[in-house]
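Analysis of the macromolecular model
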Amino acid sequence: MSTLITERTPLDIAAEINTIKQQTCKILLTNAVEIGRRLKEAKDLLKHGEWGKWLKESVSYSQRTAERLMQIFEEYGTKLLASSDSDGNPNSSLVTNLTYTQALILLGIPEEERDEFIAEHDVENMTKLELQQAVKDRDQAIQEKKDLHKDLDLKSSEITQLTTQAKDLEIQVKEYKSKYSAEQEKVTLKQRELEAAKEEIPSARKIAELENKLKISETKSSVMTADALFNIHRDNMLNAYNELLKMLTALNRTDPEIKEKYRETASEIVENMAKMLKVWPPVIRTNMSINTTHSERS
């Protein structure tokens, strides 16, 4: 009876080597946990100031290396040690399939989120660079989400502020309208008194007095109207200017070049407006000349 001999191929050998490497990395993580546990035990026993000296003389570790090993124990020790006592149950925890290098990279993810991250990304089959990029992408996504919430909160605050300003302006407009209506009623009353006086007592003096009162009332009403309109336009202009400044401030964070373009345009507009207001209304000038020769000769 002949014996069947299976030839080994380079692919078979590579698979065996990679398996041994994977097993070695997992053993390294388990050993790192055990070392971290003992380092923590020793640190608790040593007096203050003796930790660094003990590490150097007793185990040849730097404090940075020792801190990392103790962190490995604190982050993974409970699950890995529990897994070793669970009769080799592979489902006891996802971290039991990690290598030492993968475990180090995943320290950047909170423990309560780590199992979910491992399951979603198939960490066991990822290279070091792939895992580092996945963690980086996660952190970037979280930061972008935080920035978005921050911007939304800022926009909500700005909307609330604008709503409050709009309500205040509405109240002012109502007050000015009320004052204007009251003055208009006074003018109407004076007009009625004048008409009644003309019909009942055709006295030129009385009529002149009433006409003078009417003129004063009309002037006062005109001033009140102008004052109300001026305040409304002034408030609108100031509010618009403040909102322009807020927009330029926000734009400076996202696109400084566009912000500067808008700022220069707004500055030019304000300067031109200021120049126009120095003399308003403008003086009317004409190129026509008056010929006085004929009138002088006459």
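Residue numbers run consecutively from 1 along every chain, following the written order of its sequence. Note on the predicted model: pLDDT of at least 70 is required for a residue's local features to be given, and 80 or more for side-chain atom pairs to be given and counted; whole-chain, interface and lining totals, by contrast, use all residues. No hydrogens and no water enter the side-chain calculation; it runs on all heavy atoms of the structure.

Identification of the protein as DUF3102 domain-containing protein from Desulfosporosinus nitroreducens is taken from an unreviewed UniProt entry.

A short note on the confidence of the model for the protein
On average, residues of the protein score 82 in pLDDT, and 87% of them are at 70 or above. You can read pLDDT as the predictor saying how much it trusts each residue, on a scale of 0 to 100. Secondary structure counts use DSSP, requiring at least four H or I residues in a row for a helix and at least two E residues in a row for a strand, with both numbered from the N terminus. Highest mean pLDDT in the protein belongs to helix H2 (residues 51–59) (94); lowest belongs to helix H9 (residues 293–297) (48). In this model residues 87–91 is a low-confidence stretch, pLDDT under 50, and it forms three contacts with partners more than four residues away in sequence or in other chains. When checking whether two residues touch, look at their non-hydrogen atoms; a contact exists if any pair is within 4.5 Å.

With respect to the layout of surface pockets
Of the volumes computed, that of the largest pocket is approximately 440 Å³. The rule is simple: put a 1 Å grid over the protein atoms alone, call a set of points where a 1.4 Å probe fits but cannot get out a cavity, call an open set with protein on both sides within 12 Å along at least five of seven lines a pocket, and count a residue as lining if it has an atom within 4 Å of a point. Lining of the largest pocket is provided by 15 residues; of these, Met237, Tyr241, Ile269, Val270 and Met273 occupy positions nearest its centre. When residues are sorted by character, Ala, Val, Leu, Ile, Met, Phe, Trp, Tyr, Cys and Pro go into the nonpolar class, Asp, Glu, Lys and Arg into the charged class, and all the rest, Gly among them, into the polar class. When grouped by side-chain class, the residues that make up the lining of the largest pocket number 14 nonpolar, one polar and no charged. Grid points are joined across faces, edges and corners, and a volume is the space filled by probe spheres set on the points.

Regarding helix H7 (residues 204–254)
Every α-helix winds through 3.6 residues per turn, so residues three or four apart in the chain are directed the same way. What a helix is expected to span follows from its residue count: subtract one and scale by 1.5 Å. For H7, built from 51 residues, the straight-helix expectation of 75 Å at 1.5 Å per residue is met to within 8% by its first-to-last C-alpha distance of 74 Å. Partly exposed residues are those whose accessible area sits between 20% and 50% of the maximum for their type, while under 20% is buried and over 50% is exposed, using a 1.4 Å probe and protein chains only. If you check which residues of H7 are buried, you get Ile207, Leu210, Leu214, Ser217, Ser221, Ala228, Asn231, Ile232, Asp235, Leu248 and Leu251.

Let's talk about the packing of helix H1 (residues 10–45) against H2
At a closest axis distance of 10 Å, the pairing of H1 and H2 adopts a crossing angle of 135°. Here H1 is positioned oblique relative to H2, judged by the angle of their axes. Regarding H1 and H2, the two cross each other, and that crossing is right-handed. On H2, the residues touching Leu39, Ala42 and Lys43 of H1 are Trp51, Trp54 and Leu55. Residues of the contact of H1 with H2, tallied by class, amount to five nonpolar, no polar and one charged. Angular values range over 0 to 180 degrees, each being the angle between N-to-C directions of two axes fitted as lines to C-alpha atoms, with helices fitted over their stretch in contact. Should an angle lie under 35 degrees it is considered roughly parallel, over 145 roughly antiparallel, and from 65 to 115 roughly perpendicular; all remaining angles are considered oblique. Take the far helix as your reference; a near helix turned counterclockwise from it by less than a right angle gives a left-handed crossing, and one turned clockwise gives a right-handed crossing.

So, the packing of H7 against helix H8 (residues 256–278)
Look at H7 against H8: their axes get within 8 Å of each other, and the N-to-C directions meet at 155°. Judged on the interaxial angle alone, H8 and H7 are roughly antiparallel. Crossing of H7 against H8: the hand is left-handed. Contacts between H7 and H8 pair Met237, Leu244, Met247, Leu248, Leu251, Asn252 and Thr254 from the former with Pro256, Ile258, Lys259, Tyr262, Arg263, Ala266 and Met273 from the latter. Considered class by class, the residues forming the contact of H7 with H8 number 10 nonpolar, two polar and two charged.

Structural notes on the nonpolar core
Buried residues of nine kinds, namely Ala, Val, Leu, Ile, Met, Phe, Trp, Tyr and Cys, make up a nonpolar core once their side-chain atoms join them within 4.5 Å. Ile72, Tyr76, Leu98, Leu106, Phe117, Val123 and Leu131 are the most contacted members of the largest nonpolar core, which totals 28 residues. Elements that contribute at least two residues to this core include exactly H1, H2, helix H3 (63–84), helix H4 (100–105), helix H5 (111–121) and helix H6 (128–200). Counting residues per element, this core draws most heavily on H3, which supplies seven residues. Counting residues in hydrophobic clusters, the runner-up holds five residues, among them Val187, Leu194, Ile207 and Leu214.

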